[in-house]
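Structural characterization, general
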Amino acid sequence: MMTSKPAFPWIAISSLLVPGLGQFLLKRRGRGLTIFLISLLLGLLISWSFARLAIGSVALGAFTVSWLWLPLALFWLWNILDAHALAADRHISFLPAMFFGALIVYVIAWNVTDVKLDRLVSRFNDARSVASNLFNPDVITISSKGQDEICAWSCLYGYAGDVLAGRAPQGPLRWSENLLDIVGRVKGVTPPGWLVRLGLAHEGEDVNLFVAGTMVETIAMGLMATLFSTILAIPLSFLAARNVMSRFPGGMVIYYAMRGLLNVVRAVDTIVWGLIVIVWVGLGPFAGVIALTIHSVAALCKLFSEEIEHIDPGPVEAVTTTGADLIQTVSYAIVPQVVPSFLSYLLLRWDINMRSATVIGFVAGGGIGFFVVETTRQGAYQQYATALWAVALVIILVDYLSANWRARIMEDAQWQPSGHAWLRYLWVGVFVVLGLVAFVYCWNLTEISISSLFDPGKNFGQLVSDFVHVDLSPATLGPVFQQILVTIFQALLATTLGALLALPVSFLAARNLTGRNPLSIWLYYLSRAIFNVLRSIEALLYVVIFIFWVGIGPFAGTLALTMTSFALVGKLFSEAIENIDTGPIEALTATGANPLQVIVYAILPQLVPPFISYLIYQWDINIRMATIIGFAGGGGIGLTLTTYFGSLQYHKAGTVVAFIVIAVALMDFLSAKLRQELV
Amino acid sequence: MLKIENLTKVYPNGTHALNNVSFDVQDGEFLAVIGLSGSGKSTLLRCINRLVEPTSGHIFWDGRDITSIPQAEMRKVRRQMGMIFQQFNLVRRSSVLTNVLSGRLGYVGTLPSALHFFSRADHEKALSSLEQVGLAEKAHVRADSLSGGQQQRVGIARALMQDPWLILADEPVASLDPVLAHSILKYLEQLNKERGMTVMCSLHYLDLVHRYATRAIALKDGELVFQGHPKDIDDAEFKRIYGQEAERVSLV
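Residues numbered from 1 in each chain as written. Chains lettered and ligands numbered in written order. Predicted model: local features only at pLDDT ≥ 70, side-chain atom pairs only at ≥ 80, totals over all residues.

Within chain B, the secondary structure is distributed over nine helices and 10 strands. For 252 residues, the compact-globule estimate of 2.2 N^0.38 gives 18 Å, and the C-alpha radius of gyration of chain B, at 18 Å, lies within 12% of that figure. Seen through its principal axes, chain B has C-alpha atoms that stretch 55 × 45 × 35 Å. A buried classification covers 43% of the 252 residues belonging to chain B. When contacts within chain B are restricted to residue pairs at least 6 apart in sequence, long-range pairs at least 24 apart make up 69% of them. (Helix = DSSP H or I, 4+ residues; strand = E, 2+ residues; numbered from the N terminus. Rg over C-alpha atoms; globule rule 2.2 N^0.38 Å. Buried ≥ 20, exposed ≤ 12 C-beta atoms within 10 Å, placed from the backbone. Contact = placed C-beta atoms within 7 Å.)

Below, the structure is given as structure tokens:
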């Protein structure tokens, strides 16, 4: 039965005066505060975007004004109605409020990030030529009439036809120089010292050795960074674990300092670290390894320390009672508990490091990223295409191995020794030797030089002092703030567009929907393959394609982020669909519900929470990615940052880094709140 | 040999877990500690080996005040007090043998043990401890593959590695079914009677107290409300310890 209290007009009036005040007075403090902050934020956004970029400008007689004030007024009106309804203990839908708020935000985002949909159509021919290059990579060279040419699919098809028909095919085929640049080649080089010392080569005589290509260098960078960051993160993680540090006097101070430091270091993307590191040790793969390591240490440290905090305290207590000291307790009660999760985080990080290694070359030099910068600068898109396919191949493999090994670790089966003991020792010995050889090889390949660590470049001191005294003058803050907003809006649009595109495809990629039927299973494999290939390539590598299509600027960056979002969100969505509980479907079908009713009442309610949580996850990723997309011409704060770094204006670069840290931390906080509310 | 004087423990959140508790434990006793959940039994046992630092009062071990000796000294004292836990507290992923060997950590050097190196004598001792609890053939399987009763026996074997004079047992059978409860307590009784180890054991069920303990103390809201022979716990005493609502239940 409805009990209708008398309406309180003053509640509605207070919400009319200050949005959210009425709700606040009704002891719905959180709701009131949220409404107030949203109104304030929307108002600021509208006036800022109108004053600076004339967004939403309409002429009203002699005045020009932003039409976006209209949806804000409607939002205000909703807030009054909401307060009025709450006063009478009723509730009205908050969908209108979400609609008006989203309208304002998306209109501004659309304009700020310079979305030009018409270019997608008008310059479609350019896109087609890039696409044709992408599918005809420079892998095989044919020599005909004394000239070398790229032999792509049609040429290969003709060659195969000639061979099958018994005709003499045109010129011999061989792997292209471009492919050898990426993979590596055997060629005569001056022998390294150790070969001479072992008597396998002579001074002054070239020997034939494998010279690694850019992709091999990339793999080495990813491996070295993973190794170094693990070695550093394991001891550091104990300093960031509450349950360990709270045992020592003053330990909590170290704990909070570590937590703060880790969050700041993680908020700055690997690529941005690359910019800082090259000032320290100079361009090259070593700079890449350091940049990857810095970010990776912080991320691993956070995961490791959380794992230490969640161990079972029982065994720790038991081992302590035997009279064991701290080191013994760690070794017997803590280490065995955390080994599986540490290993699985390590493998996860290896995957992430390999992906980052493919793009770190954009700023640090070295690896496939540097190769992509070079080739695209020359407009060599078929060569660029080869690099993309090589990256896709390697990353898909790494992703598979990492996921597969993690799944095995999570099973946590007891290791059963098999075979003779000496055979096991032999295997261990072989692996140790192979590991050492790989380590030394990677060490040399990535040009690691400990001495240059302690001999920073001449500008590094300047950078450090400038980062302490960042430029906070309005002349710098204005444009930096604008670019930060552009970056945030890029992430927002990319997440939205990516999810909208992914939604229908994710249903096709769900095994329980399309994988059962032999007629539709090809759809399953096709959509899965598309997700996996697109997901394996970092957004920075995509930007080039979109620059060619829609021109340099934030729109190209947004589209590149949309590609990666589409692939990751699509994969996660399809897995959520695969994981739904079939019980409710069965139950509703048994009640006589039709398929549409089953979807609405049994399937959608199960999908909404995971979908929202994946969207928020993707949004977190995109915020970070958007800060670097400008390094390749994708607009946003990254462009500003490279400009300042390039012109040695480190005090302004410091401002940008500080803004990035603040923006990322703020967005993380918001998404965590949102997740709490919605999921 | 163990003398508790005016022991008080106040946790940082303000809980008075122990309030001015004093009693003695004689050599060779099987002392049961009874009381409701939250009456302070676990805190009392953990104060004795200082897993929990007492707020005030004194603990005398073998005539020596150990209440505030330094940690390095305390580790030597802890070797003489084995402890057994309700949740067994084994490292689930380590082998049974490693779990048992970890009972020896107080006697061996930090570096060799951190590298998981133990002497042959320690290995033999671990295997014979396992034999005493009937689990010799399980030495190399992982602890989490054992049943609850077997895990508790591994816990006892681990405590035996310390060559303890005193065994502190914190609800050792509360996670086990009645049959297993008797088998575990029989092991403790055997250690008590045949090897002269003093046992101090918190228990929930009064009939187990009657069956195994030579003496009992009772805690209520952190205060000592009874000490004496288990037979002396009559109905009035029982209501005083467990509250007016309580009724006697029997195990098995």
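Moving on from the coordinates now.
On to the sheet that holds strand β8 (residues 198-202) of chain B. Residue and element names in this part refer to chain B. Spatial strand order, β6-β7-β8-β3-β9-β10: six strands in an open sheet with mixed pairing. Edge positions in the sheet fall to β6 (81-84) and β10 (223-228), since each of these pairs with one other strand and no more. Between one strand axis and the next, the sheet turns through 15° on average, direction left out of account. With four bridges connecting them, β6 and strand β7 (residues 166-170) associate as parallel partners. If you follow G82 over to β7, its bridge partner there is I167. Contacts from helix α1 (residues 41-48) reach β3 (30-34), β6, β7, β8 and β9 (215-220) within the one sheet, and its direction differs from that of β7 by about 150°. (Pairing = 2+ DSSP bridges. Axes fitted to C-alpha atoms, helices over the stretch in contact; angles between N-to-C directions.)

Let us look at helix α27 (residues 554-578) of chain A. Side chains three or four residues apart in an α-helix point the same way, a direct result of the helix having 3.6 residues per turn. Spanning 25 residues, α27 of chain A covers 35 Å between terminal C-alpha atoms, matching the ideal 36 Å at 1.5 Å per step. With 22 of 25 residues buried, α27 of chain A is to be regarded as a mostly interior element. (Expected span 1.5 Å × (residues − 1).)

Turning our attention to the interface of chain A and chain B. Taken residue by residue, the interface counts 19 residues in chain A and 24 residues in chain B. Among the elements of the structure, α16 (313-321) and α17 (326-364) of chain A are those that each provide at least two residues to the side of chain A that touches chain B.

What follows covers unusual backbone geometry. With phi around 50°, A54 of chain A is a residue other than glycine that occupies positive phi space. Positionally, A54 of chain A belongs in the loop between α3 (29-53) and β1 (57-60). Phi is positive for D221 of chain B, which is not a glycine, with a value near 50°. Topologically, D221 of chain B is positioned in the loop between β9 and β10. For D221 of chain B, a count of 14 C-beta atoms within 10 Å gives the class partly exposed.

Looking now at helix α25 (residues 521-536) of chain A. Under the 1.5 Å per step criterion, the end-to-end length of α25 of chain A is 23 Å for 16 residues, consistent within 8% with the ideal 22 Å. Buried residues belonging to α25 of chain A abut α19 (381-411), α23 (474-508), α24 (511-514) and α27 of chain A.

Glancing now at the confidence of the model for chain A. Caution applies to low-pLDDT parts of the model: their predicted coordinates are not meant to be read in detail. In this model, chain A carries a mean pLDDT of 89, and residues with pLDDT of at least 70 account for 99%. With pLDDT under 50 throughout, residues 1-6 of chain A is counted as low confidence; its partners more than four residues away or in other chains account for three contacts. (pLDDT = per-residue confidence, 0-100.)

A word on the packing of α23 of chain A against α27 of chain A. All names here are of chain A. It is at 6 Å that the axes of α23 and α27 come closest, and there the two elements cross at 40°. By the angle class used here, α23 and α27 are oblique. Viewed along their axes, α23 and α27 form a crossing whose handedness is right-handed. Of the residues assigned to the contact of α23 with α27, the class counts are 17 nonpolar, 10 polar and no charged. (Parallel < 35°, antiparallel > 145°, perpendicular 65-115°, else oblique. Left-handed = near helix turned anticlockwise from the far one by under 90°. Nonpolar A, V, L, I, M, F, W, Y, C, P; charged D, E, K, R; others polar.)

Of the strand pairs in this sheet, strand β3 (residues 140-144) of chain A and strand β4 (residues 147-150) of chain A are connected by four bridges, and their pairing is antiparallel. When the bridges of β4 of chain A are listed, I142 of chain A appears paired with E149 of chain A.

Bringing the sheet that holds strand β4 (residues 56-61) of chain B into the picture now. All names here are of chain B. With respect to topology, four strands assemble into an open sheet ordered β2-β1-β4-β5, the strand pairing being antiparallel. Looking at which strands have only one partner, the edges of the open sheet turn out to be β2 (16-25) and β5 (64-65). Relative to β2, strand β1 (residues 2-10) runs antiparallel, the two being bridged by six bridges. The residue bridging K3 from the neighbouring strand is D24, located in β2. Relative to the sheet, α1 contacts β1, β2 and β4, its axis offset from that of β2 by approximately 60°.

A separate point is the environment of G570 of chain A. All names here are of chain A. Take G570: it is sitting in helix α27. Here G570 falls in the buried class, since 29 other C-beta atoms lie within 10 Å of it. Spatially, the C-alpha atoms of G570 and F507 are 8.7 Å apart, while their sequence positions differ by 63 residues. Here G570 is in contact with A502, V505, S506, A509 and F531, once residues within four sequence places are set aside.

What follows covers the confidence of the model for chain B. Per-residue pLDDT for chain B averages 90, and the proportion of residues at 70 or more is 98%. Reported confidence for the predicted complex is 0.82 by ipTM and 0.85 by pTM.

What follows concerns the domain arrangement of chain A. All names here are of chain A. Under the domain assignment, chain A is made up of domain 1 (9-112), domain 2 (137-212), domain 3 (227-413 + 428-455) and domain 4 (463-678). A straight line from the C-alpha centre of domain 3 to that of domain 4 covers 23 Å. Between domain 3 and domain 4, the contact holds 24 residues from the first and 21 residues from the second. Mapped onto the side of domain 3 that touches domain 4, the elements with two or more residues apiece are α13 (251-267), α14 (270-281), α17, α18 (367-377) and α19. When residues in the side of domain 3 that touches domain 4 are grouped by element, the largest group, seven residues, is from α19. (Domains from an automatic or database assignment.)

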